[in-house]
Every structure is written in C-alpha cells, then in structure tokens.
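Coordinate analysis (summary)
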Amino acid sequence: MSRIARHRLPLITLALAVATSSGLAQTKHYEDHKVARIEIRTLDQLRAIESLEPEPDFWTHGRGIGVVEVQFGPDAFAEFEALEIPHRVVIEDVQALVDAERARLAEGDPDAAWYDDFKTLAEINVRVDELVAAHPNIASVATIGQSLEGRDIRAMRISGLGPGAGRIGILFDGCQHAREWISPMTVMYIAETLMNSYGTDPRVTALLDSAEIFIIPVVNTDGYEYSWNSERLWRKNRRNNGDGTFGVDLNRNWGYQWGGQGSSGTTSSQIYRGPSAFSEPETRVVRDFIAAHPGIEAHIDFHSYTQLILSPWGYTSTLPPNQPEFDELNALMAGAIAGVHGMTYVYGPSYTTIYPASGVMPDWVFGAAGAKSWTIELRPAGAAGGGFAPPPAQIIPTAEENFEAVLQLGARLTTALAMSFETQPPERIPSGEDFSFVVVIAEVTGTLAPGSGALRYRIGTGGSFSTSPLVSLGGERYEATLPAADCDSMYQFYVEASSTGGQTISLPAGGSLEPLDVLVSDVAVTFADDCETNAGWQVGFPGDTATTGIWNRMDPEGTAAQPEDDHTPAPGTDCWVTDGRAGAGIGTYDVDGGATTLVSPVFDASEPWEIIGGEAYLTYHRWYSNDRGSNPGTDSMPILISNDGGQSWTLLEDVTENAGRWVARSFKVSDFVPPTADMLVRFVARDDGGGSIVEAAIDDITLEVFGCTRHPADFNKDGVLDIFDFLAFQSMFVQRDPRADLDHSTGVGVFDIFDFLEFQRLFVG
Ligand code: 0X9
Ligand code: ZN
C-alpha cells in the first residue's frame, strides 16, 4: 500500500455533501412502516412472513427459530397481524425515526464534537485527511480502489516508530452495509485514538510498535452515500441488477463457500449474493488489498446492530480447528467491552450464535487469507434502541468499548511471551533459608531470549533491585529463588523475561512499579486440626433447636449443596459437616428447625516462648450453601470467637457466601479479641428461613503465630541481647521456671550452675 497521503477529495462526494447539508428531503420511503420484534416458533411461521408482499425487511438477518426484528410496510403489516404470531411493535413509525434523525443532522450544532453525530462520506474523508496530516510519521492513507459508481475506497495505515521487523497486520473495516452508520464512526474513533495516544498511552504505543493497523472506514461507499441521500435503510451496494432491482449484499459476495446457506439468488433480496463470487468491485478491491498484505493476521468487520462478537464460520456449523483460540479471544473481547460501560455482547461462532450466512467477509478472510477474523455487531442491542439509527449519544460509548476490545485483542496477538506463577507466591516466607517458586513462561508468538529470565528483588520499598537468574526446570517451567533473609524484613520482587524480538514482559505486569511484597517471618503452629479424629470438639450449645442436619464428623456424601470430599488432601477423608449423609433428596439431611452449633476445643493463641513479635492468625476452611430450595438466601452461618473459654463471644464473620466449594478464611485474632491461651471458635449453622436448604462444613483449622524466632538467650523477648536478659533468666531460675532449666546434663528439673553456664554459652553465641 502506498504510504503517501492523498488529500484530494473526490468531486462527486463534495457535491453530494452539499446536497445533504442543504437538507434536501429524501423521498418518504417508510410511511406507516413499523418494526416488530417477533418470536418465531416454527419454520412455517418464518415462511409465512417471508412470503408476504412486498417482502418485509429483516433488520436482523437471522432467519430461523428465535427472535427476529422485521420492518413491515402498512399492507404487509396487516397481513402479518392476521398470522397471529406473538410479537411486539418496537418502532411504531419508521419514517418518523428517519425524519427526526434527518432534521437533527440538517440542523447541526456548530459546537458539536466530531463524534457527537453521524458523518457523511465526505466528512469522513476530510477527517481522515486531517488525521493523517496531523500524524504524518505514524499514519498514512491510500485509495485502494473504486466502487461501482467510481467513489474512492480508502484505507488508513497506522504503525509506530519502533523497529519494523516482525510486525503483524490487523485490519478493521466498517460499512459493508450502507445503513449501519455507527460502524464507520467506530472504526474512525479507533483510528483516531490510536494516532492520538501513540507515545503517551503505553498500551497503544506497545501495540503500534508491534503491529500495523489498517482501517477502511467505508467499504460500501456508494451504498453509504445512497443511504444518506435517498433511502436511509439501504443495505446493499448500488449494482443495477438489470431487472428493475438494485444492489448486491457485499457481505454475501465474498468468494469462500459463496452461494451457500443464508444467501439468496433473488436479485430483490436484501441478502442477494450477486451473480458470482466477487462480482462486485467493492469486494474485489478489499480482497486485493488483503491479498497484497499477507502480514494481516487478524481482522474485524464492523456491522450493526445487536451487540455480538462472531467468529467463523458463517457458512457451516462445523467448528474451525482452532476453536479454543477463538473461544478465548471472543471472551477476551467481550470482557474488554463489558469492562468499559458494562455492555453485554453475546459471542460465539457465527453460524450457531446467530444464523448461517455464506459468502461473508470473515469466512473469506479466515478461510482463504488465513487471518483470524470476526464480525462485530455494534450497539444497540435491538430495534427498540434505534436499530440502524441509534441516538447519536451512543456513538462515543460504542466506540470506546470497541476500542478497548481491539486494544486487548491486539495486545494478546502481539504478545511474544506470557508469564505466570505456577502457584501464587505466599505472603510470608520463612527466615534464614532460600525460597524458591516456579514461573511458567509460554512462548505465545515469540521466542524467549536465552538467559533473559530474571528475578528482580530488593529488601524494603526503596533502592535498586538485585537480580537472580531464572533456572530452567525443563519445558516452560523456571525456578526463581529469593536468597535467605533475616526475619521481619520485607522483600519486593518481580520477574522479567525478554523475547528474541526485544519485547520485555514482567510479572506482575507493572514490573518494578508494582512489585509483589513478601514478608520474611517465622511461624509457630499452636493448633492444627485436620478433623480426621475428634480433637475435642463439641456439638450443641444452649439455644440449639435444629431437628436435622446436626453437626457430625464424617466423610461427606456429595449433594448439590454439600461437598463430596473434605478439604484435607488425601488420605484425609473427614470433616465436620451438618449431617454428611446425602439422603433421598437435597433437603433430607440439611439443617431444619433452627440452629446446630459446633464448638472447638480450647486452643492457645498467646505468643509462644520461641516467637517474638508474634501475631496470631486463625484459619479455617468452610463450605456453606444456602442458595437451593424454595426459599434460598434467607439464612446465614455466624462464626464466633472467644478468648475466655467460652464465657463471651465476638463475631468473626456471618457467612452468606454460597461458594459451592471450600473457602479458606484467615483472621488476625487481635483484630477481634486479645489473644489468650483460652480460645474457642464456634460455628452456628441454622435454618430460620423455613424451606431453605442449609448445608455447612468445616475442615483444616489452624492457629499460627507469625513472628520471629527468639534468640535462645533473649529471655525478656525484646529482640536485643543485654544485661536484662540475664536478669530475666535469673528471676526465672529462682522461680524454678522450666524454661530456665537450660542444661540437662545433671538431670531434667535440676537447677544448678550448669544452667548458668549454658545461658552464658547461648548469650555469647
Ligand atoms: O448478515 C450479515 O451480513 C451480518 N449481520 S447484519 O445485520 N449487519 O447484516 C452478520 C454476518 C455474520 N456472519 C454470519 N452470520 N454468518
Ligand atoms: Zn451488516
């Protein structure tokens, strides 16, 4: 493609633009036309609608069982009503919608921004020229051919200034269908935002430095002009079919499986495929452009409306061999869109997600040109939202959400390497020993540069990062090692790797700007119960009235509300559960008739002698289900903690989360009550709602005290060795405290000079 920008405007478009802005009235084509949303239940119903005279215009081109939106002229609508097919009129007066849009456009608003309303072909061409002129180093435009009536079809190229080798091509086009006015606006916005954000937005910069983006704002230039100047709801190109009808559906004219299901050989049809594949200059021009750019690896054909993301194929329900890849990328784009304004775009293979259509552009681009290709149907979701003529306030949000989709798609397709933790590194690691974890580096589109994998770490939040190389474990697995550090220090770290093409990626993605924190600390476990035996738990508490679902300890029998397995890894089998039997039905052994309480044995949360600066954490694994049955979500499971042997209780959490799996919860005891040696925890499963299914289970309960291991001579536990440790030792010695019985050579419990000598030995160290 020529990189030379062309600023010349075709005279014909200028002339038409003048006609448009002077408010030249269109003929009233749609007087008394309505759009109905119809639920088609049988193919007979469909045939009946299709055979009405004149044939109604399917705004949704899906012709099958399901919901369709159809525009009827007055006579056809009367006949349609006689068919008594369930429907709802969503646009009462199509002509009024078109007139209102036209009046608004004719009036204009001199202060309006460009994306505040739809734009003519001439206005789009001017904007393209201005944009390219403003960004000459990264953007260019070329005329890639002419339409049937001789209008230019133009393509922009946008690419960054980084080293050129190996960049992939990505193509976006709009307006194969004349009336889908929001599609050129969307691709123009994408082009413009890419140009304006290069060098400032790191995501755009990265994309443009590893891809060249091609954008064809209007494929069907004749049809688009015609839609502005004559018939607002024109869809096809302007081919004179020679029989009094006009137009070929360009999106049925592509030469891959041309002529099949979901296209028509009838010239008057809105989905007329043309006399042969690529019979139309518009499809030929774009085909040749794609063929001339073999670097194009991905493409999106923008249409409207119904909010869909459609991957190949259109002509068959057979899935492409790389369907998992399409599944991932479809979901990626839908998620990106939802993240911007919360809009839902349904996604999936074209044929099954909406309907069969043959000779569509993405089938050719994927099947013949070998590039991943999609149709995106933009806003609105239905004709009730304006159909092909949505309120102009929809332009910007539609464009924004689709910009995010193409940006994320582009990032995904240009990523050389992908890095992840095999398991998320812990928040705490032990002191005094190296700590290793496994990083997985996948070569997505690139190759890992040998030796480039590195762990970067520092102690504290300032200063420079040190480097330790990743060690290959074979395949995609690499070992990263943090060197041993003193207790109570905090590490910050991230992992980095580069591709042979020079792309560097970090994990977490922000690298040195958002490193992970890990605290170096020791731990004393003072209570650990895997519930494989009864460690002293008690079932029952004053006020319990439950009649079924009483807590017991067993290997649970799975139901829709109760786990099949305990939490402890094999060979563990048992947990505490609100009657672990499955029973005849889901409601047989669930909790009924009030509360059943499980009370733990006493455990010690006080600071162990060997730990200083200790913080006690209680951890348990819980299962809770209250989202089944006739009255779901009406109950909860309070979990309470006591530090005085059960005299007083404080709420830890009131569980309502129906996770459907084991959930680990950890609590810092001092956030609730001062830790003591007299701790209890109590689980209250109850059915107060009536009719609802309540199931709960508890497993793997631990009390861990995190802190630093005491120096053996630090007898007053203040972290320093001095005379006060000797005094503390001496006073404990005098009290015959077993902890002062440091020497056992003369017998356990014998307090003598040898204990003093041992203290001295430890102190000196
Ligand atoms: O029918 C079309 O060409 C597209 N829909 S539109 O309403 N904009 O006309 C969708 C084509 C998607 N591909 C398949 N359904 N196979
Ligand atoms: Zn379309």
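For the structure, see preceding data.
Reference entry: report on the structure contained in this document. Model, not experiment: these values are computed from the prediction.

**Details of the coordination of the zinc ion (ligand 2)**
Protein ligation of the zinc ion (ligand 2) involves His177 (ND1), Glu180 (OE), Glu180 (OE) and His303 (ND1), the donor distances falling in the range 2.0 to 2.2 Å. The motif formed by the donor residues of the zinc ion (ligand 2), counted along the single chain, is H-x2-E-x122-H. Placement of the pair is His177 in the loop between strand S7 (168–174) and helix H6 (182–197) and His303 in strand S9 (residues 296–304), with a sequence separation of 126 residues. Each member of the pair, His177 as well as His303, is classed as buried.

**A short note on the sheet that holds strand S4 (residues 87–91)**
As summarised here, the arrangement of the four strands in space is S2-S3-S1-S4, forming an open sheet in which the pairing is antiparallel. Of all strands in the sheet, those bounded by a partner on one side alone are strand S2 (57–58) and S4. In this sheet, S4 lies alongside strand S1 (residues 34–40) in antiparallel orientation, the contact comprising four bridges. By the bridge assignment, Arg37 is partnered in S4 with Arg88. Its contacts with the sheet put helix H2 (residues 43–50) on S1, S2 and strand S3 (66–72), and the angle it makes with S1 is roughly 160 degrees.

**A look at the sheet that holds strand S19 (residues 477–482)**
Strand order in the open sheet made by the four strands is S13-S15-S19-S18, with antiparallel pairing throughout. Of all strands in the sheet, those with a lone pairing partner are strand S13 (417–421) and strand S18 (471–472), marking the two edges. Sheet topology places strand S15 (residues 435–443) next to S19; six bridges connect them, and they run antiparallel. Bridging across to S19, Phe435 finds its partner in Leu482.

**What to know about the site of ligand 1**
Lining the immediate surroundings of ligand 1 are 16 residues, of which Arg235, Asn251, Arg252, Tyr355 and Glu377 lie closest. Contact distances for ligand 1 include 3.3 Å between an oxygen atom and a side-chain N or O atom of His177. One nitrogen or oxygen atom from the side chain of Tyr355 is found 2.6 Å from an oxygen atom belonging to ligand 1. Contact with the protein chains covers 99% of the free accessible surface of ligand 1, which is 410 Å². For the shell around ligand 1, the elements supplying multiple residues, two or more each, are S9 and strand S12 (372–378). A per-class count over the shell around ligand 1 returns four nonpolar, eight polar and four charged.

Cut-off values and rules
- For every chain, the first residue of the written sequence is number 1, and numbering continues from 1 along that sequence.
- Both sets of labels track the order of writing: A upward for chains, 1 upward for ligands.
- At least 70 in pLDDT is required for a residue's local features to be given in this predicted model, at least 80 for side-chain atom pairs to be given and counted, and no such filter applies to totals for whole chains, interfaces and linings, which use all residues.
- Excluding hydrogens and water, the side-chain values take into account all heavy atoms of the structure.
- The donor set covers N, O and S atoms within 2.8 Å of the metal, switching to 3.2 Å for Na, K and Ca, and it leaves out water, so a site may look short of donors.
- By definition, any uninterrupted DSSP run of H or I lasting at least four residues is a helix, any uninterrupted run of E lasting at least two residues is a strand, and each is numbered from the N terminus.
- Relative accessibility decides the category of a residue: with a 1.4 Å probe and only protein chains considered, values under 20% of the type maximum give buried, values over 50% give exposed, and everything between is partly exposed.
- Two strands qualify as a pair provided DSSP detects at least 2 bridges between them.
- In this description, contact between two residues means that some pair of their heavy atoms is separated by no more than 4.5 Å.
- Only C-alpha atoms enter the line fits that serve as axes; for helices the fit covers just the stretch in contact. Angles between N-to-C directions range over 0 to 180 degrees.
- Only a single heavy atom is needed: when it lies within 4 Å of a molecule or strand, its residue is near that molecule or strand.
- Whenever two N or O atoms come within 3.5 Å, that pair is a polar contact, provided that in protein one can donate a hydrogen and the other can accept it, and provided that, for residues adjacent in sequence, both atoms are side-chain atoms.
- Accessible surface is estimated by sampling points in the Shrake-Rupley manner with a 1.4 Å probe; for residues, cover comes only from the protein chains shown.
- Residues were grouped as follows: Ala, Val, Leu, Ile, Met, Phe, Trp, Tyr, Cys and Pro as nonpolar; Asp, Glu, Lys and Arg as charged; and all remaining residues, including Gly, as polar.

What is shown is where atoms sit, not what they do.
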